[in-house]
Amino acid sequence: MATQFTKGNQTAWFHDEGDAAGVFHTYDALKLGNVEPHKVHVFVPRNYDASSDRYPVIYMNDGDTAFFRSGAINESWFMGKVLSDLYQSGKLPPVIVVAIYPRDREYEYTHTNVFNKPGGGIATYARYVAQDIKGFIDSNYRTRPEASQTLILGASHGGLAAFLMGMLESQAFGNVAAFSPSFWVGLDSNPLALPFLRPIQWSKLVQMAEPTLKDDSKHPKIYMDWGLIRDGQFHNDFIEARTTIRGQQLRDLLIQQYRYQLGKTLFVVEDAQGEHSEVSWRRRIPDVLPLFF
């Protein structure tokens, strides 16, 4: 049963879905700044009200699939169970998760158009999450607000967005986890850009990231991955295949030109059994979160 309450002049609903790891504060229309309201789940540790502890924070793109089934294939990361298992095993300290629903996913999460769909809203979205949403969370919850204790996470377009958010707002996000990130957008989705031929170092993606990449003191710690299953389906044979090629190119660029170090500031996984779906991302995430906290 959900109970309504107000926090920071915003209306929320408390609900307990039975996860050992925590309970929900759900804002159906979190209205902050000049951006249209977004639905947001704030998942706090189960003993949050009884403690005085401060917690690291994970911000998740595609918040509609973070805890519950939704999206293109009606799947979920089931983060409540993931965190419950990690806490029980002692592999992760308690965290707060802020899962943000997209309003216009193609636009908000990208830096340029995607095929025939308008894109390019990532700078506005990154600023909104880093300043408005994070500002609200840090003001109204007991967080550890420093960048080193803040992770931005996403998959596919949400993974592309997570990478760029870490670059554009590095003062807010000191950690990035990009699962199957759409680094191919603007390279392999634009017929005027010589698809599959243009090097990633010449892309708008890298141009936007470069001010942060050139300054070692601003480097977020980065995890990125992709799956290697090719099964004749578009999501694996095009999207994940292009993600793999562009991800490998970006990995090499980060190491060779921008002084990232594998196993220290950059973690890369190529999953032989990985597909472009929440099922694969959910399977990998228990090994990812302990890299940051």
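Scroll up for the structure.
Residues numbered from 1 in each chain as written. Predicted model: local features only at pLDDT ≥ 70, side-chain atom pairs only at ≥ 80, totals over all residues. Heavy atoms only, no water.

Draft legend 1. The overall build of the chain, seen in detail. Tallying secondary structure elements over the chain gives seven helices and 10 strands in all. For the chain, the C-alpha radius of gyration of 18 Å lies close to 19 Å, the compact-globule estimate for 293 residues. When its C-alpha atoms are laid out on the principal axes, the chain stretches across 55 × 40 × 35 Å. For the chain, with 293 residues in total, the buried portion stands at 55%. Intrachain contacts of the chain at a sequence separation of at least 6 include 66% that bridge at least 24 residues. Accessible surface computed for the chain: about 12,500 Å², of which carbon and sulfur atoms make up 49%. (Helix = DSSP H or I, 4+ residues; strand = E, 2+ residues; numbered from the N terminus. Rg over C-alpha atoms; globule rule 2.2 N^0.38 Å. Buried < 20%, exposed > 50% of the residue type's maximum accessible area, 1.4 Å probe, protein only. Contact = heavy atoms within 4.5 Å. Areas by Shrake-Rupley, 256 points an atom, 1.4 Å probe, with all protein chains shown as cover.)

Draft legend 2. Highlighting unusual backbone geometry. Positive phi is not limited to glycine here, since phenylalanine 78 has a value of about 50 degrees. Positive phi, normally seen in glycine, also occurs at serine 180, with a value near 40 degrees. Note that serine 180 resides in the loop between β8 (175-179) and α5 (204-213).

Draft legend 3. Fine view of the sheet that holds strand β6 (residues 96-100). Read from one edge to the other, the open sheet built from 10 strands follows the order β1-β2-β3-β4-β6-β5-β7-β8-β9-β10, with strand pairing classed as mixed. In this open sheet, the two strands that pair with only one neighbour each are β1 (3-7) and β10 (266-271). Strand after strand, the sheet turns through a mean of 20 degrees between neighbouring axes, direction not considered. Across six bridges, strand β9 (residues 221-227) lies against β10 in parallel orientation. (Pairing = 2+ DSSP bridges. Axes fitted to C-alpha atoms, helices over the stretch in contact; angles between N-to-C directions.)

Draft legend 4. Structural context of the side chain of serine 182. Inspection of the secondary structure puts serine 182 in the loop between β8 and α5. The class for serine 182 is buried, based on a relative accessible area of 0%. Setting aside residues up to four positions removed in sequence, serine 182 forms contacts with Ser156, His157, Leu160 and Thr243.

Draft legend 5. Broad picture of helix α4 (residues 157-168). Over its 12 residues, α4 runs 16 Å from end to end, which matches the ideal 16 Å to within 8%, given 1.5 Å per residue. All buried positions along α4 are accounted for by His157, Gly158, Gly159, Leu160, Ala161, Ala162, Phe163, Leu164, Met165, Gly166 and Met167. (Expected span 1.5 Å × (residues − 1).)

Draft legend 6. Spotlight on the pattern of salt bridges. Per the stated rule, a full pass over the model turns up 16 salt bridges. For aspartate 271, the salt bridge identified is with arginine 283, shortest N-O distance 2.8 Å. Here arginine 283 lies in helix α7 (residues 278-288) and aspartate 271 lies in strand β10, a separation of 12 residues in the sequence. Among the charged side chains, a salt-bridge network with shared partners connects Asp225, Asp271, Arg283 and Arg284. (Salt bridge = Lys/Arg side-chain N within 4 Å of Asp/Glu carboxyl O.)

Draft legend 7. Broad picture of the environment of asparagine 74. By the element assignment, asparagine 74 lies in the loop between β5 (57-60) and α1 (79-89). Each C-alpha atom, one on asparagine 74 and one on glutamate 278, is 9.3 Å from the other, the two residues being 204 residues apart in sequence.

Draft legend 8. Structural detail: the nonpolar core. The biggest cluster of nonpolar side chains holds 59 residues, and the ones touching the most others in it are Tyr59 and Ile133. With nine residues, the single largest contributor to this core is helix α3 (residues 122-140). With residues near it in sequence (within four places) discarded, isoleucine 133 still touches Leu30, Leu32, Val40, Tyr59, Val98, Ile100 and Tyr128. (Core = buried A, V, L, I, M, F, W, Y, C linked by side-chain atoms within 4.5 Å.)

Draft legend 9. Quick look at α1. Burial in α1 covers these residues: Met79, Gly80, Val82, Leu83, Ser84, Leu86 and Tyr87. Tucked inside the fold, the buried residues of α1 contact β4 (38-45), β5, β6 and α7. One or two steps after α1, the chain reaches glycine 90, where phi turns positive at roughly 75 degrees.

Just distances and angles here, no functional claims.
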